[in-house]
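Chain residues, written in single-letter form:
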Amino acid sequence: MTVCVSRCYIAARNGMNPKREGLTQTMILNSDGRGFGLVFLCLLLLPKLTTAQQLTLNLTPMPVSVQAGTGSLRVDSSFSVALAGHTEPRLERAVERFLQQLARQTALPLSLKPAKTPQATLIIRTDHASKEIEEVDEDESYVLEVSTAGAKLTAPTPLGAVHGLQTFLQLVDISPDGFAAAAVAIQDKPRFPWRGLMIDSARHFIPVEVIRRNLDGMEAVKMNVFHWHLSENQGFRAESKRLPKLHELGSDGLYYTQEEIRDLIAYARDRGIRVVPEFDLPGHSTAWFVGHPELASGPGPYQIERRWGVFDPAFDPTSERTYRFLDEFIGEMAKLFPDQFFHVGGDEVNGKQWDANQQIQEFMRAHGIKNNQALQAYFNKRLQAVVEKHGKSMIGWDEILDPSLPKDITIQSWRGPASLAAAAKQGYRGLLSNGYYLDLGWPAARHYAVDPMSGDAANLSPEEKQRILGGESCMWSEYVNAENVDSRIWPRNAAIAERLWSPEEVHDPASMYTRLDSISARLEWLGLTHRTYYRRMLQRIAGSAATPDEFTALRTLTDLVEPVKDYTRQQTALAEATSLTPMNRVVDAVPLESDTGRRFGELVDKFVSTSCLDAEIEARLRTHLLLWRDNDAKLQPLAQRSLLVQEVAGRSQDLSALASAGLSALHAVSKRQPAPDTWKVQQFAIMEQLKKPKAQLLLIPIPAVQKLVEAAASGGACVGAKQ
Ligand code: ACM
């Protein structure tokens, strides 16, 4: 059987016609005597799925190859899993986790242990162990075959098995006959070996259980690196036994103990996830200096920073004490964090303390160090030697790129994609994070369109391209805490995960959004709170006396706004936010991407594409606009009773004004004569006003209503209305 299946794959992969090659579509009975007591269909002989069929499978990230079978595999309470080939405790735990998740998803009472017998619904065969300490470039591939008779998951190592189990979970859905997994044959492997998520748990402390459930989310979408940003001006979050003043004085008591860190690393390893710690040096370092002012370039004393931004404190790169200290600290952390990579930050050093320090200036003159960039390169060279001494490979933000550093370092590009290509050209490995900053509030489609191999990277030689290891999404935490962090990461992070796993050709945003809805719902089974937090936060905002209608009115408004984008949160604040500012406002509660706003936009596009003739769409648009126009009257009484609702009362009036403009446009469209120019100018002027943020919120349906106004101005023929 095994031979047949692999020949089928080879035939399919080589573009051969399997039938002509003498393979037949047949049921193949187990005869290998090694416990595959199941009947499998040689699924790869079946036709490739069309996009539409793939959509119904709702897999994220989309596998490399999906081929349809016939029918589906029943998933009922007799469902069982057996391990064959290489096994290890991690695999057994993976099976238990899989069964628990399947039980949660289906509410079926499943036996939660691997089957003792070789007969089982799903048989997992791995060939050998992966590396004890997971490395970049390990084989993460898997093959998953599901037929009406059973399922088989084959992978070289447990890493592929872990990924394949997640794919299986995504195949399971309710059907007219109960729960079932679609019959398919899937061959899959990642496009990039480094698919990371960075969480900044330094600016706002993120409790370990929150990190844990986000690791579960990463596993679900096959991300394999958790980059843990552990030190900042606002906090030093890792326990150091050798240098305890770091966490004791630099963390407000909010830090991870070494035991918690070890547990988390083990938890991540089980899920095929490496943990790369980041200790940001020489800037972003105020919290280090609270306990160790002697390391700084300026006179102390220092306090934990409460504000956001880039600050002056920086390590003294000219002092031997700095390197002795870092040797001790990195030596300790290198033992705690087993991963080969050690992130040293390196970003945003403003150099002011260096400029102001006479002794540092003299050092620079004496050593021919021309400027602060060269001084940082000097620091990085010394730092790299320390990191290497402790058996690690140094990684840092793109500011560390300097030709004087050894080729072993890796560059994480955040300021622009050009530095990634520049690094690869100079012989360095690199990762892309520019374009993957989740905190900037971009829609998933915008992240999804960013490809590590695009831009300057597209012109690299094949050898240079090999140096681009992948990318990482980044969750910086100025405006994020334990309550809302899941919602700032998910579901948009799944779109980035797909960009980094799936073939480059998988890039249709409409398909991505359809599948994002599905994965978002599935992620809830893991305990992620990216959906449930919203209602909870809105309830706090509305207060316990809100009537159901008032609450609905609040939700109608908040479903149509998003927080201001990019780095404008600070600029648009009435009072400067700090790490002590409560995060209980509407801007903290609403998702960063409005699904309702996006869907309304899609509906308007569809309407315009029918030259505004589709009466059914028109009626749906009108229903939305009427609801929005009349929403303000329902919300205003609540605004009188809640300060937090009062803050958005102006935005509520704006929604009403926007909806009135939309209704006026629909009315004009229905006349099928161009609306007067004066009317158009007036409507656009209204919308320009509405575009200004209020309560740090943007009204999302504005561009869609503008399209309706354009359509009305062109007489309903919608000429030029598609832009
Ligand atoms: C960064 O965003 N400063 C790496």
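**Focus on the overall build of the protein**
What the protein contains, in helices and strands, is 28 helices and 21 strands. Rg of the C-alpha trace for the protein: 28 Å, near the compact-globule value of 27 Å for 723 residues, within the 12% margin. A principal-axis box enclosing the C-alpha atoms of the protein has dimensions of 80 × 75 × 55 Å. Total accessible area computed for the protein in this model is approximately 28,100 Å², and 53% of it derives from carbon and sulfur atoms. Looking at charge distribution, the protein has the averaged site of its 80 positive side-chain charges lying 3 Å from that of its 86 negative ones.

**A few points about the sheet that holds strand 14 (residues 274-281)**
The sheet built from eight strands closes into a barrel, its strands ordered 10-11-14-15-16-17-18-19 with parallel pairing. Adjacent strand axes in the sheet meet at a mean angle of 25°, parallel and antiparallel pairs treated alike. As defined by bridge partners, strand 18 (residues 429-432) adjoins strand 19 (residues 468-475) across three bridges and the pair is classed as parallel. Within the sheet, the bridge partner assigned to Gly430 lies in strand 19 and is Ile468.

**Quick word on the packing of aromatic side chains**
What the rule picks out here adds up to 27 aromatic pairs. Taking 6.3 Å as the distance between ring centres and 5° as the angle between the ring planes, the aromatic pair formed by Trp414 and Tyr437 counts as stacked. Taken together, the positions of Trp414 in the loop between strand 17 (410-413) and helix 13 (418-425) and Tyr437 in the loop between strand 18 and helix 14 (444-448) put the pair 23 residues apart, joining distant regions of the chain. Overall, the relative accessible area of 6% leaves Tyr437 in the buried class.

**Here's the deal with helix 3 (residues 89-106)**
Compared with an ideal rise of 1.5 Å per residue, which puts 18 residues at 26 Å, helix 3 spans 26 Å between its outermost C-alpha atoms and is within 8% of the ideal. The set of residues buried in helix 3 consists of Arg90, Leu91, Ala94, Val95, Arg97, Phe98, Leu99, Gln101, Leu102, Ala103, Gln105 and Thr106. One or two residues past the end of helix 3 sits Ala107, with phi positive at roughly 60°.

**Things to note about the pattern of salt bridges**
Between side chains of opposite charge, pairing is possible as soon as their charged atoms come close. Under the criterion given, the structure shown has 46 salt bridges. A salt bridge links Arg599 to Asp517; the nearest nitrogen and oxygen atoms lie 2.8 Å apart. One end of the pair, Arg599, is in helix 23 (residues 595-609); the other, Asp517, is in helix 18 (residues 509-524), and 82 residues separate them in sequence. On the basis of relative accessibility, which here comes to 38%, the residue Arg599 falls in the partly exposed class.

**Looking at the side chain of His229**
Mapped onto the elements of the fold, His229 is located in strand 11 (residues 225-229). Side chain to side chain, His229 and Glu232 meet in a polar contact 2.8 Å long. Among residues more than four places away in sequence, those in contact with His229 are Met198, Ile199, Asp200, Ser201, Ala202, Arg203, Glu278, Asp280 and Trp476.

**Let's talk about empty space enclosed by the protein**
Counted under the stated rule, the structure contains two cavities of 30 Å³ or more. For the largest cavity, the calculated volume is near 60 Å³. Lining the largest cavity, in full, are Gln101, Gln105, Gln166, Leu169, Gln170, Ala220, Ile519, Arg522, Leu523 and Leu526. Of all the secondary-structure elements, those providing two or more residues to the lining of the largest cavity are helix 3, helix 4 (158-171) and helix 18. Partitioning the lining of the largest cavity into residue classes produces five nonpolar, four polar and one charged. What the second largest cavity holds in volume is close to 30 Å³. What lines the second largest cavity is simply Ala94, Arg97, Phe98, Gln101, Leu165, Gln166 and Glu219. It is helix 3 that contributes the most residues to the lining of the second largest cavity, four residues altogether.

Thresholds, definitions, all that
Residues numbered from 1 in each chain as written. Predicted model: local features only at pLDDT ≥ 70, side-chain atom pairs only at ≥ 80, totals over all residues. Heavy atoms only, no water. Helix = DSSP H or I, 4+ residues; strand = E, 2+ residues; numbered from the N terminus. Rg over C-alpha atoms; globule rule 2.2 N^0.38 Å. Areas by Shrake-Rupley, 256 points an atom, 1.4 Å probe, with all protein chains shown as cover. Lys, Arg positive; Asp, Glu negative; His and termini not counted. Charge placed at Lys NZ, Arg CZ, Asp CG, Glu CD. Pairing = 2+ DSSP bridges. Axes fitted to C-alpha atoms, helices over the stretch in contact; angles between N-to-C directions. Phe/Tyr/Trp six-rings, centres within 6.5 Å; stacked < 30°, edge-to-face > 60°. Buried < 20%, exposed > 50% of the residue type's maximum accessible area, 1.4 Å probe, protein only. Expected span 1.5 Å × (residues − 1). Salt bridge = Lys/Arg side-chain N within 4 Å of Asp/Glu carboxyl O. Polar contact = N/O pair within 3.5 Å; in protein donor to acceptor, adjacent residues only side chain to side chain. Contact = heavy atoms within 4.5 Å. 1 Å grid on protein atoms, 1.4 Å probe; cavity = no way out; pocket = protein on both sides within 12 Å on 5 of 7 lines; lining within 4 Å. Points joined across faces, edges and corners; volume = space filled by probe spheres on them. Nonpolar A, V, L, I, M, F, W, Y, C, P; charged D, E, K, R; others polar.

These figures come from the coordinates and say nothing about function on their own.
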